[in-house]
Amino acid sequence: AQSVTQPDIHITVSEGASLELRCNYSYGATPYLFWYVQSPGQGLQLLLKYFSGDTLVQGIKGFEAEFKRSQSSFNLRKPSVHWSDAAEYFCAVDRPGSARQLTFGSGTQLTVLP
Amino acid sequence: DGGITQSPKYLFRKEGQNVTLSCEQNLNHDAMYWYRQDPGQGLRLIYYSQIVNDFQKGDIAEGYSVSREKKESFPLTVTSAQKNPTAFYLCASSPLYLVDDRGDYGYTFGSGTRLTVV
């Protein structure tokens with residue numbers, strides 16, 4: 001069975017600082033990987049995804065993520081955080097094929113200090 | 001615009017009562033899903049359906065039931081057997097395969113229903 005681990009429950013950064021949110025996955029083959037962001041009481045917005053090819057993927061809002069097969073990781077980065085980035089971030093892995101099933105990590109809450 | 005509509009946004013239920021959460025999509029997606037969200041636990045899959053009149057249990061199906069009589073609709077009933085139903089519930093839909101003929105590949109999420117048992 002697939003699983004996702006986000007080891008950081010809560011991260012606090014200052015506005016303008018760089019950000020890295022960690023994500024490790026467990027899956028027997030190369031999975032499809034996603035990062036989502038959620039504002040309080042809202043649904044999920046897709047930031048970026050990895051299916052295949054270039055292991056550095058660019059997303060919306062200036063985010064990027066790098067797939068590292070050797071480390072089973074898909075960490076999310078942003079060079080300069082804005083106050084509006086404060087939210088909860090979820091890493092997710094999808095099972096390829098017809099039996100799709102998106103499995104989420106437990107999330108990382110990001111606080112941005114002025 | 002295509003999307004997923006969940007209603008109501010907030011729902012209050014007395015203990016011992018069943019309650020049904022609505023989820024409607026106009027994206028022509030074959031697959032639909034229900035997730036439960038609790039603080040610090042991420043999203044956990046309750047049920048999913050890949051075709052009309054068929055659905056499968058997810059990781060935490062106990063105390064819940066679903067139906068898929070129409071492609072567009074996937075209502076979730078929280079029964080009185082669910083011991084701790086207070087949570088945020090998210091519905092999602094997707095193409096059956098990762099990329100369909102239109103290049104649509106991802107999951108679309110509704111805005112959620114917050115259920116509180118009083």
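Refer to the structure above for everything that follows.
To start, this report covers the structure provided alongside it. (Residues numbered from 1 in each chain as written. Chains lettered and ligands numbered in written order. Predicted model: local features only at pLDDT ≥ 70, side-chain atom pairs only at ≥ 80, totals over all residues. Heavy atoms only, no water.)

## A short note on the sheet that holds strand β7 (residues 64–66) of chain B
Residue and element names in this part refer to chain B.
Consideration 1: Strand order in the open sheet made by the 4 strands is β1-β3-β8-β7, with antiparallel pairing throughout. On the outer flanks of this sheet lie β1 (4–7) and β7, each paired with one strand and no other. Strand-to-strand twist in this sheet, taken as the mean axis angle between neighbours without regard to direction, amounts to 20 degrees.
Consideration 2: In terms of strand pairing, β1 meets strand β3 (residues 19–25) through 4 bridges, oriented antiparallel. Of the residues in β3, the one forming a bridge with T5 is E24. (Pairing = 2+ DSSP bridges. Helix = DSSP H or I, 4+ residues; strand = E, 2+ residues; numbered from the N terminus. Axes fitted to C-alpha atoms, helices over the stretch in contact; angles between N-to-C directions.)

## Things to note about the pairing of strand β6 (residues 54–57) of chain B
All names here are of chain B.
Consideration 1: Sheet topology places strand β5 (residues 43–51) next to β6; 3 bridges connect them, and they run antiparallel. Looking at β6, one finds that I51 is bridged to D54.
Consideration 2: Counting the residues in the hairpin turn of β5 and β6 gives 2 residues, including N53, whose phi is positive at 65 degrees.

## With respect to the interface of chain A and chain B
Consideration 1: Taken residue by residue, the interface counts 22 residues in chain A and 23 residues in chain B.
Consideration 2: Summing both partners gives a buried area of about 1900 Å² for chain A against chain B, and 57% of it is carried by carbon and sulfur.
Consideration 3: Our enumeration of links across chain A and chain B arrives at 0 salt bridges.
Consideration 4: The tally of links from chain A across to chain B stands at 3 residue pairs in polar contact (both at pLDDT 80 or more).
Consideration 5: Of all the secondary structure elements, the ones that give two or more residues to the side of chain A that touches chain B are β5 (32–38), β10 (87–94) and β11 (102–104) of chain A.
Consideration 6: A class-by-class count of the residues in the side of chain A that touches chain B yields 8 nonpolar, 9 polar and 5 charged. (Contact = heavy atoms within 4.5 Å. Buried area = accessible area lost by both parts, 1.4 Å probe. Salt bridge = Lys/Arg side-chain N within 4 Å of Asp/Glu carboxyl O. Polar contact = N/O pair within 3.5 Å; in protein donor to acceptor, adjacent residues only side chain to side chain. Nonpolar A, V, L, I, M, F, W, Y, C, P; charged D, E, K, R; others polar.)

## Here's the deal with the environment of A:E88
Consideration 1: You can see A:E88 is positioned in strand β10.
Consideration 2: For the pair A:E88 and A:Q58, spaced 30 residues apart in the sequence, the C-alpha separation amounts to 19 Å.
Consideration 3: Setting aside its immediate chain neighbours within four residues, A:E88 contacts A:Y36, A:V37, A:Q38, A:S106, A:G107, A:T108, A:Q109 and B:Q37.

## Some details on the pattern of salt bridges
All names here are of chain B.
Consideration 1: Counted according to the given criterion, the structure contains 7 salt bridges over all chains.
Consideration 2: In this structure, the salt-bridge partner of K71 is D30, at a minimum N-O distance of 3.4 Å. Residue K71 is located in the loop between β7 and β8 (76–78), and its partner D30 is located in the loop between β3 and β4 (31–37); the two are separated by 41 residues in the primary sequence.
Consideration 3: By relative accessible area, which is 24% here, K71 ends up partly exposed.
Consideration 4: Overall, the relative accessible area of 32% leaves D30 in the partly exposed class. (Buried < 20%, exposed > 50% of the residue type's maximum accessible area, 1.4 Å probe, protein only.)

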